[in-house]
Amino acid sequence: SVSFAADKAVVSTQSTGIAQNLPHLTELCVEGNQNITGSSIKMIGRGCPNLAQLYIIDCVHMCDMGLKGFSSSRGLRVVNLGDCIRVSDAGVRNIVDGPSGPFIRELNLTNCLRVGDTTLFRIAQRCQSLAYVRFCYSEFVTDAGVELLGNMQALRCLDLSGCGVGDAGLAALGNNPNFRNISLSECSQITDVGIQKMCSRLLLLESLDISYCINVTDYATKFLAFSCRELVRLNIAGCTQLTDTSVSYISGGCHYLSHFNMSHISHMTDKALRFLRRGCRLLQRLNVTVCPKITYSAIERIEAGGCLVKHSIDVKEMKLSPILPLSETHKRPMSVGYSIFPIPNNA
């Protein structure tokens, strides 16, 4: 395993040395390094044919040329190119179309803004072992590409946050009953119709994030709750049209729920917490920040059952010291939470 620090310059001579002296290297990690270039990575890739795990994260000079060095790699199983904004479909194709393509298990293309449906087409054709994939915040990922992912039966975890996916794409995802974790945060084109078609067939889904999908209503949560009864984690933060009725459905159908985020929804009241107390007895983490109609007395009652609650009740009312702000998922504004115990971001 070799890792390059964020401030370390890697020049061609160093890259050549690594390639010559470490032919049996299996893991390469380059994170936040603004000096390393595509040509340097290309040299390393060509000289290290046994790489199994490749992490090139937040490297602004990383480009398609660098990925050519891995076009003949046979052992790649994990590929993470998150925040490499210059990487495009052509670069990813160097890896997907290579000998490793059919055996890659994990692929992260978060914030690879130039990657789109073309890459999804190639992945659907070549990467039949792929189980975990992230395409967050790529506007070129649309229904046309997502529809193909529904036929990849090995897929277990999919993150399409901030992409251009809509109801047609969600309907196609329902073709794969093996999904366990799906994130659709900030997919503004999604409506109740898409949620209904997807959830009606994903009976084993364990984690779902539809936060900030502003067109989703109580109608969608009804199908979600009574279809996906195995849910353990659910995030509906920022779905501003939802009301207490949604929580009544969730508490009635999702009895295994342990982590629930319903923050930034102004319609939620104490009644929602009463539903949770009755129906979700395994709840461990609850986020109700910026829910102005929820009172501290209701929070106290649910905390008495052992659930840790992240909230934003006025400090004078609580008489507690505020903890450090915890950022919401997917680059949302931070909210100050007041609680005796800090709550993880994914609560």
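Note that this is a predicted model, so its numbers are computed, not measured. (Residues numbered from 1 in each chain as written. Predicted model: local features only at pLDDT ≥ 70, side-chain atom pairs only at ≥ 80, totals over all residues. Heavy atoms only, no water.)

Visitor: Just to check I follow, could you spell out the packing of aromatic side chains for this structure?
Guide: Ring pairs (aromatic) are described by centroid distance and by the angle formed between their planes. Overall, the coordinates contain 2 aromatic pairs when judged by the stated rule. Ring centres of Y219 and F223 lie 5.1 Å apart, and the angle between their planes is 65°; this geometry places the pair in the edge-to-face category. Of this pair, Y219 and F223 both sit in helix α9 (residues 218-227), 4 residues apart, roughly one helical turn. When its relative accessible area of 45% is taken as the criterion, Y219 is described as partly exposed. Ring geometry for F226 versus Y249: centroids 6.2 Å apart, planes at 70°, classification edge-to-face. Pair noted here: F226 is in helix α9 and Y249 is in helix α10 (residues 244-253), with a separation of 23 residues, a long-range link. (Phe/Tyr/Trp six-rings, centres within 6.5 Å; stacked < 30°, edge-to-face > 60°. Helix = DSSP H or I, 4+ residues; strand = E, 2+ residues; numbered from the N terminus. Buried < 20%, exposed > 50% of the residue type's maximum accessible area, 1.4 Å probe, protein only.)

Visitor: What exactly am I supposed to notice about the nonpolar core here?
Guide: The nonpolar side chains of a soluble globular protein tend to be buried with one another. Ranked by size, the top nonpolar core spans 92 residues in total, and within it I236, M262 and L286 carry the most contacts. It is helix α12 (residues 296-303) that provides the largest number of residues to this core, a total of 4 residues. Among all residues touching I236, those that are not within four sequence positions of it are I210, S211, L242, I250, F260, N261, M262, I265 and M268. (Core = buried A, V, L, I, M, F, W, Y, C linked by side-chain atoms within 4.5 Å. Contact = heavy atoms within 4.5 Å.)

Visitor: Would you explain the packing of helix α11 (residues 270-279) against α12 in this entry?
Guide: Two quantities define a packed helix pair, namely the angle between the helix axes and the distance between the axes. Running from N to C, α11 and α12 cross one another at 10°; their axes reach a closest spacing of 9 Å. As summarised for this structure, α11 and α12 are arranged roughly parallel, according to the angle between their axes. Residue-level inspection shows D270, L273, L276 and R277 of α11 in contact with α12, the latter providing A298, I299, R301 and I302. Split into classes, the residues belonging to the contact of α11 with α12 amount to 5 nonpolar, no polar and 3 charged. (Axes fitted to C-alpha atoms, helices over the stretch in contact; angles between N-to-C directions. Parallel < 35°, antiparallel > 145°, perpendicular 65-115°, else oblique. Nonpolar A, V, L, I, M, F, W, Y, C, P; charged D, E, K, R; others polar.)

Visitor: Whenever I open this one, helix α4 (residues 89-96) confuses me. Can you help?
Guide: Given 3.6 residues per turn, any residue in an α-helix points the same way as the ones three and four places further on. Counting buried positions along α4 gives 6 out of 8 residues, so the element sits mostly inside the fold. Among the residues of α4, D89, G91, V92, N94, I95 and V96 are the ones counted as buried. Residues of α4 that are buried make contact with β3 (53-57), α3 (64-67), β4 (78-80) and α5 (117-126).

Visitor: For this particular structure, what's the right way to read the confidence of the model for the protein chain?
Guide: With 84% of its residues at a pLDDT of 70 or more, the protein chain shows a mean pLDDT of 87. Within the model, the stretch residues 315-347 combines pLDDT values under 50 with 78 contacts to residues more than four positions away or in other chains. (pLDDT = per-residue confidence, 0-100.)

Visitor: So what exactly am I meant to see when it comes to helix α2 (residues 38-47) here?
Guide: Of all 10 residues making up α2, 7 are buried, and the element is well covered by its neighbours. For α2, the complete set of buried residues consists of G38, S40, I41, K42, I44, G45 and G47.

Visitor: Is there a simple way to explain the pairing of β3 in this structure?
Guide: Two faces belong to every sheet, and in a regular strand the side chains alternate between them. The buried count for β3 comes to 4 of 5 residues, which makes it a mostly enclosed element. Pairing of strand β2 (residues 27-31) with β3, which is carried by 5 bridges, proceeds in the parallel orientation. Paired with V30 across the two strands is I56, which belongs to β3. Handedness of the β2-α2-β3 crossover: right-handed. Two elements, β3 and β4, share 3 bridges in a ladder whose sense is parallel. For Q53, the partnering residue across the bridge sits in β4 and is V78. (Pairing = 2+ DSSP bridges. Right-handed = clockwise from strand over helix to strand, strands pointing away.)

Visitor: How should the packing of α4 against α5 be read in this particular structure?
Guide: At a minimum axis distance of 9 Å, the contact between α4 and α5 shows a crossing angle of 10°. Here α4 is positioned roughly parallel relative to α5, judged by the angle of their axes. Seen from α4, the contacting residues are D89, V92, R93 and V96; seen from α5, they are T118, T119, R122, I123 and R126. Each residue belonging to the contact of α4 with α5 can be placed in one class, and the counts come to 3 nonpolar, 2 polar and 4 charged.

Visitor: Quick question: what am I supposed to make of the environment of Y137 here?
Guide: Mapped onto the secondary structure, Y137 falls in the loop between β6 (132-134) and α6 (143-149). Within the structure, the side chain of Y137 is placed 2.9 Å from the side chain of E186, a separation counted as a polar contact. (Polar contact = N/O pair within 3.5 Å; in protein donor to acceptor, adjacent residues only side chain to side chain.)

Visitor: Help me out: how do you make sense of unusual backbone geometry in this one?
Guide: Excluding glycine, residues mostly have negative phi values, and the peptide bonds linking residues are mostly trans. At Y212, a position not held by glycine, the phi torsion is positive, near 60°. Turning to its location among the elements, Y212 is positioned in the loop between β9 (207-209) and α9. Its identity as a non-glycine residue notwithstanding, H264 has a phi of 60°, on the positive side. The class of H264 is partly exposed, set by a relative accessible area of 21%.

Visitor: Would you mind showing me how to read the pattern of salt bridges here?
Guide: One side chain can pair with another of opposite charge once the charged atoms of both are near each other. One pass over the full model with this rule turns up 3 salt bridges. Each of the salt bridges in this network shares a partner with another, and the network as a whole consists of R93, D97 and R122. (Salt bridge = Lys/Arg side-chain N within 4 Å of Asp/Glu carboxyl O.)

Visitor: Whenever I open this one, a positive patch on the surface confuses me. Can you help?
Guide: A cluster of basic side chains, namely K271, R274, R277, R278 and R301, defines a positive patch on the protein surface. Sort the elements by how many residues they give to the positive patch and α11 lands first, with 4 residues. The topology assignment puts R301 in helix α12. Given the relative accessible area of 43%, R301 is considered partly exposed. (Patch = residues over 30% accessible without salt bridge, like charges linked within 9 Å, V, L, I, M, F, W, Y side chains within 5 Å. Areas by Shrake-Rupley, 256 points an atom, 1.4 Å probe, with all protein chains shown as cover. Lys, Arg positive; Asp, Glu negative; His and termini not counted. Charge placed at Lys NZ, Arg CZ, Asp CG, Glu CD.)

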